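Here are the chains, one letter per residue:
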Amino acid sequence: MSFFSFLRVFILCIFLCLATSTSSATPATETGAARPKIGLALSGGGARGIAHVGVLEALEELNVPIDYIAGTSMGSIVGGLYASGLSIQELRRSVEDIDWDRIFNLKGDRDQLSYREKQNQRRLFQFEFGLDEDYGLTAPSGFVGGQDLFLALKRLTRNINTDDFSKLPIPFRAVAVDVNTAEVYWVEKGDLALALRASMAVPFAFAPVEIDGRLLVDGGILNNLPVDVVKAMGADIVIAINISAPLEEIKSSHSFLSVAKQSLDAALIQNTRRALENADIVITPNLEGYGSTDFKKGTEMIAKGYEAVIKKAVLFEGLKLTPTAYARERSALIAKAPQTPDIITPAFIKFTGNKRTNTGVLQGKLDDLIGHQLSVEDIEKETTRLMSLNEFEQITYNIEQNERGQTGLVFHVREKAWGPHYFRLGLNVRTTFDDKAEFTALFRHERLNINRFGAEWVTELSVGEEYGLFTEFYQPLDYRRRFFIGPYARFERFFASVFEHKRGVAEYDLGRSQLGIDVGINFGNVAELRTGFLRNHIEADLRIGDPDLLPTGSLEENLLTFKFGYDSLDDRIFPRRGTQINIAGEFYDDSIDSDNDYQKTTFGIRRAFPVNRRFTLMTNANLFTFLRSTPPKYENFSIGGINYLAGYPEGDIGGKHALVLQMAGLLNPAGLTKLLPPDSNNVRLAGFIHAGNAWDTYQDINVQDLLYGGLGGLVWDTPFGSFFLGAGYTKGGRVNYYLSLGNLF
């Protein structure tokens, strides 16, 4: 300890002793004498910051008044909520009830996604990058956008928006860093929720926040323990609560990410140490064994924070008020809490910040809000609906009054900085550990909001075992995007098996060029109906088989198409409830100048049912058939492989008609992820039983021919799709071992 630090502590001890000796007889608050102003500095440290709640609880129990609060990162969230007038019981409940899994969920709320995006989510990685308006390559500024964190804070702060945070029951400052000036920035006015969100904008994790023209990130980078801020606010005595994690030991063999994190943590700890030297009282809860991401252990850490203060209760003897005086002061503070309505009835809706997105598209996405009573939960739901347009990095909102004194709802839109051209990737890799592995990569380009109705131009390139190119211009016909038209083109090359008596006897090498147009209707965000006209040009070459028996050459096909999709599943990989239905029909007819005349239909349905907290039951049924017609030899249904009859390799069994029935269970067993990834919500044990077969003609179909079997293994929902490792067997086949990454279900 330096000489000046020792001197500061010595003077404080003398002051406390003097105050203790006189307080029992004539407390300052009862004699009218001025007491010292006490400030509280709350450090950042991720989930460990939940311990601040216990610290505040203990200080209340000791009757220690707090006159100023400044916080960084998680410290700003706890401090800001307390400063806004929440009681300690409300604060504890608020912090414990925050759905941290949702906040850090990269997938977003599937219930609010459009039907189109739900299907994309199953095929594509969660990460995207893009080209900005100057065609520079850009990427998101954080893995987690922070939208759900903002909405949670908005709800907890009760929409407080003030021109000075000193007007809160306890004057407050949120500490952030301006990344463009490399300076600490105190957020001291405006939207309290946005201020807390900015202070916790952890680099790489959360996107930065723009306030008053400044781009702000987590304040811990330069000032993790804002003792100086509390002093500048007017505090005579500063209590510093340090919950930052100690450095971990790393070695030269660690990855560059570990080194980068360690470097950031080293800077954070260094500025924390400097701040501790200037504090009058330091409390460091014993949080050994708790990490910065242990949000689910909040109750335990609250207890640790409480315990740390109680153990040093003697330090606060000279700062305590009498119970009566403290209760009177707390009541006065809570009475100053800003009064915000629980329900509003907006007279107007306004949007700001939307440059690429037409206001009509935004209005069309919302329900009719004007003149209707709205709760905070209602506004959250509408904000999430706007986010489902997939063009925005963040949307905030305020309740404001216009010049006529009317109350309205103002949405502040922040469009993605890495737009308007977006790129997304997909991958499918699978093997049965025999002599081959199947690989397909997907590259997708999206150009959104091309015109006033929000048209989209999508192009996809697939390479691997099969390859193809697809492009579609998706044009909504109204602002609500209910009706649409979609011209498209596709080229693909693939291999198609020819089956006789359920066994492959030949294989075609097919090249297919398509031009088509669909018209359709969206039913909310759960269903889509399309019908259209399609023209095919096919080049059929025989890869395996007798060319004297199987036709080759060019074909021209014209057909009518029909597609209906319904999707209310609540998760892309591990649904707990909901239904998915897919029906498709292709009607080839020589009356519209087609070389072939046949009808092809597919039907699939999946249902998910939660049995208990850890177990989900799913049922699947798939039917494939040609309707009383004779299709070309290369048109068949194959039902082998991991998704259907797992005891047969893909392409090993097939015919003109096929049926597969499945029942599956997904189990999230306690303790499973101690051996695997740390997030137990991302891993399941999966088990399937199935029955199915394929037939060449309707006359061959017989329920007694159904082949029974099962598939079991471990499934991990990764940012790159579902990872599956397991084995399957089907009667008449063999035991196949599977390793798969990508679109499993």
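Each value, and the rule that gives it
Residues numbered from 1 in each chain as written. Predicted model: local features only at pLDDT ≥ 70, side-chain atom pairs only at ≥ 80, totals over all residues. Heavy atoms only, no water. Pairing = 2+ DSSP bridges. Helix = DSSP H or I, 4+ residues; strand = E, 2+ residues; numbered from the N terminus. Axes fitted to C-alpha atoms, helices over the stretch in contact; angles between N-to-C directions. Buried < 20%, exposed > 50% of the residue type's maximum accessible area, 1.4 Å probe, protein only. Salt bridge = Lys/Arg side-chain N within 4 Å of Asp/Glu carboxyl O. Phe/Tyr/Trp six-rings, centres within 6.5 Å; stacked < 30°, edge-to-face > 60°. Domains from an automatic or database assignment. Buried area = accessible area lost by both parts, 1.4 Å probe. Patch = residues over 30% accessible without salt bridge, like charges linked within 9 Å, V, L, I, M, F, W, Y side chains within 5 Å. Areas by Shrake-Rupley, 256 points an atom, 1.4 Å probe, with all protein chains shown as cover. Contact = heavy atoms within 4.5 Å.

Draft legend 1. Quick peek at the sheet that holds strand E16 (residues 349–352). Pairing within the open sheet is mixed, and its three strands lie in the order E16-E19-E18. Single-partner strands in this sheet number two, and they are E16 and strand E18 (392–401). The mean inter-strand angle of the sheet, taken between neighbouring strand axes irrespective of direction, is 20°. Sheet topology note: the E18/strand E19 (residues 407–415) ladder contains nine bridges and is antiparallel. If you follow Phe-392 over to E19, its bridge partner there is Glu-415.

Draft legend 2. Structural view of helix H4 (residues 74–83). Among the 10 residues of H4, 10 are classified as buried, and the element is accordingly described as predominantly covered. Among the residues of H4, Met-74, Gly-75, Ser-76, Ile-77, Val-78, Gly-79, Gly-80, Leu-81, Tyr-82 and Ala-83 are the ones counted as buried. In the stretch just after H4, Gly-85 is the one whose phi turns positive, near 115°.

Draft legend 3. Inspection of the pattern of salt bridges at higher detail. Per the counting criterion, the structure on display carries 38 salt bridges. Across the pair Glu-380 and Arg-155 runs a salt bridge, and its minimum N-O distance is 2.4 Å. In this pair, Glu-380 sits in helix H15 (residues 376–387) while Arg-155 sits in helix H8 (residues 147–156), placing the two residues 225 residues apart along the sequence. A relative accessible area of 14% places Glu-380 in the buried class.

Draft legend 4. Structural view of the packing of aromatic side chains. A complete count under the given rule lists 19 aromatic pairs for this structure. Judged by centre distance (5.7 Å) and plane angle (80°), the rings of Tyr-508 and Tyr-634 are edge-to-face. Residue Tyr-508 is located in strand E25 (residues 503–523), and its partner Tyr-634 is located in the loop between strand E30 (615–626) and strand E31 (637–638); the two are separated by 126 residues in the primary sequence. On the accessibility criterion, Tyr-634 (8% relative accessible area) is buried. Ring centres of Tyr-588 and Tyr-598 lie 4.1 Å apart, and the angle between their planes is 15°; this geometry places the pair in the stacked category. Linking Tyr-588 in strand E28 (residues 578–588) with Tyr-598 in strand E29 (residues 598–610), this pair joins segments that are 10 residues apart in sequence. Across the pair, exposure class does not vary: Tyr-588 and Tyr-598 are buried alike.

Draft legend 5. Main features of the domain arrangement of the chain. Here the domain parsing of the chain yields domain 1 (38–105 + 157–247 + 257–336), domain 2 (343–415) and domain 3 (421–742). Computed over C-alpha atoms only, the centres of domain 1 and domain 2 are separated by 30 Å. Summing both sides of the interface, domain 1 and domain 2 together bury roughly 610 Å²; the carbon and sulfur share of this comes to 33%. When residues of domain 1 are sorted by the area they lose upon contact with domain 2, Asn-159, Asp-191 and Leu-194 head the list and together hold 48% of the total.

Draft legend 6. Spatial organisation of the pairing of strand E22 (residues 456–464). Relative to E22, strand E21 (residues 437–447) is paired through eight bridges, and the arrangement is antiparallel. Paired with Arg-444 across the two strands is Glu-460, which belongs to E22. Looking at chain direction, E22 and strand E23 (residues 467–476) are connected through seven bridges and run antiparallel. Across the sheet, Trp-457 pairs through a bridge with Phe-473, a residue of E23. Taking the residues between adjacent antiparallel strands as the criterion, E22 and E23 are bridged by two residues.

Draft legend 7. Looking closely at a nonpolar patch on the surface. Residues Phe-443, Leu-461, Val-463, Tyr-467, Leu-469 and Phe-491 make up a contiguous nonpolar surface patch of about 500 Å² in total accessible area. Along the chain, Tyr-467 falls in strand E23. For Tyr-467, a relative accessible area of 36% puts it in the partly exposed group.

Draft legend 8. Representation of the environment of Gly-726 in the model. Secondary-structure assignment places Gly-726 in strand E36 (residues 721–730). Along the sequence, Gly-726 and Gly-46 sit 680 residues apart, while their C-alpha atoms lie 37 Å from each other. Residues contacting Gly-726, with those up to four places away along its chain left out, are Gly-712, Gly-713, Asn-736, Tyr-737 and Tyr-738.

Draft legend 9. Up close: the environment of Ser-375. For Ser-375, the position within the fold is in strand E17 (residues 374–375). Residue classification places Ser-375 among the buried positions, given a relative accessible area of 15%. In the structure, Ser-375 is positioned 243 residues away from Asp-132 in sequence and 37 Å away in space, judged by C-alpha atoms. Ignoring any residue separated from it by four or fewer positions in sequence, one finds Ser-375 in contact with Asp-342 and Ile-343.

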